[in-house]
Amino acid sequence: AMVADLVDDIKNISAVLRCMKRLESSHPEVQLRLIGGGRDEQQLKVLATELKILDRTVFFEGRKENRDVYRLLNGADFLVMNSRFETFSLICAEALSCGKPVIATRCGGPEEIITPSTGMLIPVNDDDALLKAIEKMLFTYREYDPAALKSYAAANFGFKKAAGEFDALYRTILRK
């Protein structure tokens, strides 16, 4: 699955589409569910049509309510996040909270949360690394323990963690 605003210069979705085309012959069972909408949606659909993968290998799900995003994430094997830059990448944390490993770019935020036990980090703008990571994840995603991923997400991004950090911040501010 991929969940993103369909803004290609930031999210680099076109590279994922090209990788899906390259994977199609060796892994005909692979499907990408692209969840989201945005200014480049039609352009990306045209590219998927030109690559002959639209509605065969790549499916545009459109914008979804949060509950539907979580339902689709729960049905996925793993998440791909191929952005050129992110400040945190909430979707990576959400995928982990669903027990799903993540392939993410080293684009500013994911390096803080994606570890070898939660997924794979790849360079930005490296289609070959993206392809290799997806191919590897196709064979290894079952090795990630969903309960451990959920526990990691809860411990690092859950309400208690956030509340504790806000409390510490407010106390520091009040002391000044």
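Above this text you will find the structure in question.
A. Representation of the pairing of strand β3 (residues 58-62) within the structure. With respect to burial, β3 is a largely interior element, 4 of its 5 residues being buried. Since strand β2 (residues 32-35) and β3 lie parallel, the crossover through helix α3 (residues 41-50) that links them has a hand, and here it is right-handed.

B. Here's a closer look at the sheet that holds strand β1 (residues 2-3). The 3 strands are arranged β1-β2-β3 in an open sheet whose pairing can be described as parallel. Strands with a single pairing partner mark the edges of an open sheet, and in this sheet they are β1 and β3. Summarising the sheet, β1 and β2 pair through 2 bridges and their orientation is parallel. Each residue of the ladder has a partner; that of V3, found in β2, is I35.

C. Local environment of the sheet that holds strand β6 (residues 119-122). Read across the sheet, 3 strands follow the order β4-β5-β6 without closing on themselves; strand pairing throughout is parallel. Looking along the sheet, the strands with just one partner apiece sit at the ends: β4 (79-81) and β6. Shown here is a sheet whose adjacent strand axes are inclined to one another by a mean of 10°, direction ignored. With 4 bridges connecting them, strand β5 (residues 102-105) and β6 associate as parallel partners. Across the sheet, residue I103 finds its bridge partner in β6, namely M120.

D. Inspection of unusual backbone geometry at higher detail. Notably, K52 is not glycine yet its phi reads approximately 60°, a positive angle. With respect to the secondary-structure elements, K52 resides in the loop between α3 and β3. Taking the relative accessible area as the measure of exposure, K52 reaches 56% and is therefore exposed. One non-glycine residue, N125, adopts positive backbone phi at about 60°.

E. Representation of the nonpolar core. In terms of nonpolar packing, the biggest core is built from 55 residues, with L17, L34, L73, L79 and I134 touching the most fellow members. Those residues in contact with I134, other than ones at most four positions away along the chain, are C19, L23, F78, V80 and I103.

About the thresholds
- Position numbers for residues count from 1 along each chain, tracking the sequence in the order it is written.
- It should be noted that, the model being predicted, local features are given only for residues of pLDDT at least 70 and side-chain atom pairs only at 80 or more, the latter also being counted only at that level, while totals for whole chains, interfaces and linings use all residues.
- Computation of side-chain values: all heavy atoms of the structure, hydrogens and water removed.
- Burial here depends on accessible area, computed with a 1.4 Å probe over protein chains only, as a share of the maximum for the residue type. Under 20% is buried, over 50% is exposed, and the range in between is partly exposed.
- Only runs of H or I of at least four residues qualify as helices and only runs of E of at least two qualify as strands under DSSP, and these elements are numbered from the N terminus.
- Note on handedness: a clockwise path from strand one over the helix to strand two, with the strands aimed away from the viewer, defines a right-handed crossover.
- A pair of strands is labelled paired if DSSP reports no fewer than 2 bridges between them.
- Angles shown run from 0 to 180 degrees and are taken between the N-to-C directions of axes, each axis being a line fitted to C-alpha atoms and, for helices, limited to the stretch in contact.
- Here, nonpolar core refers to any group of buried Ala, Val, Leu, Ile, Met, Phe, Trp, Tyr and Cys residues whose side-chain atoms link them within 4.5 Å.
- Residues count as neighbours in contact if any of their non-hydrogen atoms are within 4.5 Å of one another.

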